[in-house]
Amino acid sequence: MTVNLEVADGVGTIRLDRPPMNALDIATQDRLRELAEEVTRRDDVRAVVVWGGEKVFAAGADIKEMQAMDHAAMVVRSKGLQDAFTAVARIPKPVVAAITGYALGGGCELALCADFRIAADTAKLGQPEILLGLIPGAGGTQRLARLVGPSKAKDLIFTGRQVKADEALALGLVDRVVPAAEVHEQAHAWAARLASGPALALRAAKECVDAGLETDIDTGLTVERTWFAGLFATEDREIGMRSFVEEGPGKAKFR
């Protein structure tokens, strides 16, 4: 398999494994979608790490495979490509991307699907599709602009340039930069911390933020209000409030 899933301590690690550069061919895209749907369903997975290994996150699409495709073939395939990445973006649990080496093209777009991005100090990110006479096709024109703003997104997309980890951090493209040897460890720790939290409240928070970015503020507030009230029907809310009153903040043990 070009993508594998390992589950431990409530954390599911979706591991790209297509040496040497984790090129995202069609089989890999489809496998990503399958595993994103699997971790969505599984109750034993409460947070997710997307990880490409110690050397590279993903250096982009399989260019040789794409070169052989004509317009008609890509009209058919492009939705499957986007669906694979959207499945990762819509995992209703906290998702962190652990970025080492290159995250270019589709690799950068995959990282954009996570809620949080931890990058190695040696990582390089970018959307170089313009250098092939193309544009990002797996969500890059949409998710990148929403994350860093339209002007910064256009700079990266128009030029196709690669940015090092420090600039990616300054742009807001990644959220934390750490030594390369610590990337997976810190990503897993971030996920494990949230895996012990209140699952429905975390799901609600993610849906409210993501849905709110796609709509007007009144609709977003309605989504928030509906989830906020609904959480009063959960056991986690009872546990959290009882623990706060009896023991103080931050000591609740959620089930």
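Residues numbered from 1 in each chain as written. Predicted model: local features only at pLDDT ≥ 70, side-chain atom pairs only at ≥ 80, totals over all residues. Heavy atoms only, no water.

Draft legend 1. Looking closely at helix α1 (residues 26-41). In this model, α1 (16 residues) spans 23 Å end to end at C-alpha, consistent with the 22 Å of a helix rising 1.5 Å per residue. Residues of α1 that are buried: Thr28, Gln29, Arg31, Leu32, Leu35, Ala36 and Val39. Considered in projection along α1, the buried side chains sweep an arc of 160° and stay on one side of the axis. The inward-facing, buried residues of α1 abut β1 (3-8), β2 (11-16), β3 (47-51), α3 (71-89) and α4 (106-112). (Helix = DSSP H or I, 4+ residues; strand = E, 2+ residues; numbered from the N terminus. Expected span 1.5 Å × (residues − 1). Buried < 20%, exposed > 50% of the residue type's maximum accessible area, 1.4 Å probe, protein only. Arc of directions from axis to C-beta. Contact = heavy atoms within 4.5 Å.)

Draft legend 2. Main features of the environment of aspartate 44. Within the fold, aspartate 44 resides in the loop between α1 and β3. Judged by relative accessible area, which is 38%, aspartate 44 ranks as partly exposed. When sequence neighbours within four positions are dropped, the list of residues in contact with aspartate 44 reads Val7 and Gly10.

Draft legend 3. Examining the nonpolar core more closely. The biggest cluster of nonpolar side chains holds 60 residues, and the ones touching the most others in it are Phe57, Ile99, Leu125 and Leu173. Broken down by element, the residue count for this core peaks at six residues, all from α3. Each residue touching leucine 125, except ones within four places of it in the same chain, is listed here: Ile99, Ala103, Leu104, Cys108, Arg161, Gln162, Val163, Ala168, Leu173 and Val174. (Core = buried A, V, L, I, M, F, W, Y, C linked by side-chain atoms within 4.5 Å.)

Draft legend 4. Here's a closer look at the sheet that holds strand β6 (residues 116-120). Pairing in this open sheet of six strands is mixed, and the strands run β1-β2-β3-β4-β6-β9 from one edge to the other. The open sheet has two free edges, formed respectively by β1 and β9 (176-178), since each of these has just one partner strand. Each strand axis lies, on average, 20° off the axis of its neighbour in the sheet, ignoring direction. Running over the sheet, α1 touches β1, β2 and β3 and is turned about 20° from β1. (Pairing = 2+ DSSP bridges. Axes fitted to C-alpha atoms, helices over the stretch in contact; angles between N-to-C directions.)

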